[in-house]
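Chain and residue survey
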Amino acid sequence: MNTSLRRLLLTVIGAPAAALAVWALAVPLAGAVLTVRTGGGTQTVGPVSVIVASLVAGLAGWALLAVLERRAARPGRVWTITALVVLVLSLSGPLASAVGLAATLVLMLLHLVVGAVLVAGLARPSGT
């Protein structure tokens, strides 16, 4: 396996791992309750939701990067800017649907941690 593919795989796996670590510190250890409003009720955000959401985000980022590498003149730059915009927009989810300040802060932290891992790990070296 080449170094680039290894880095991409580790990044896509690292994002859920980092998110799960934050969740574990906030929920079982610190006692935060992560509840969000959904449709007509509420739902608790558990470890499976955290892993699945961050894995989907990582795979989507990798897929976008693959498309950009074939079509864009500077795929790394375009991907990084796009990823940062998506990260900022994703923060509206916790702001709009989290129940309580603790849930809002922890969910925003989860978004930021996953975003940081993906932006840093999937970004190409400068000049691409």
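Presented here is a report on the structure given in the accompanying data block.

Considerations on the pairing of strand 1 (residues 35-38)
- The sheet contact formed by strand 1 and strand 2 (residues 41-44) spans 4 bridges and is antiparallel. The partner of Thr38 across the bridge, within strand 2, is Gly41.
- Counting the residues that bridge the hairpin from strand 1 to strand 2 gives 2 residues, and of these Gly39 lies at a positive phi of roughly 50°.

Observations regarding the nonpolar core
- Grouped together as the largest cluster of nonpolar side chains are 25 residues, with contacts concentrated most on Leu34, Trp79, Leu107 and Leu110.
- Elements with a contribution of two residues or more to this core: helix 1 (3-29), helix 2 (47-71), helix 3 (75-90) and helix 5 (101-122).
- Of the residues forming this core, the biggest block, 8 residues, is contributed by helix 5.
- Setting aside its immediate chain neighbours within four residues, Trp79 contacts Gly61, Leu64, Leu65, Leu68, Leu118, Val119, Leu122 and Ala123.

What counts and what doesn't
Here, residues in each chain are numbered from 1, in the same order as that chain's written sequence. pLDDT decides what is reported in this predicted model: residues at 70 or higher carry local features, side-chain atom pairs at 80 or more are listed and counted, and totals for whole chains, interfaces and linings draw on all residues regardless. Note that the side-chain values use all heavy atoms of the structure and ignore hydrogens as well as water. A pair of strands counts as paired when DSSP detects no fewer than two bridges linking them. In DSSP terms, a helix is any run of H or I states spanning at least four residues, a strand is any run of E spanning at least two, and both are numbered starting from the N terminus. Remark: nonpolar core denotes a set of buried residues (Ala, Val, Leu, Ile, Met, Phe, Trp, Tyr, Cys) joined through side-chain atoms within 4.5 Å. Accessibility here uses a 1.4 Å probe with only protein chains present; expressed as a share of the type maximum, an area under 20% marks a residue as buried, one over 50% as exposed, and anything in between as partly exposed. By definition, residues are in contact when any of their heavy atoms lie within 4.5 Å.

Honestly, it's all geometry; don't read function into it.
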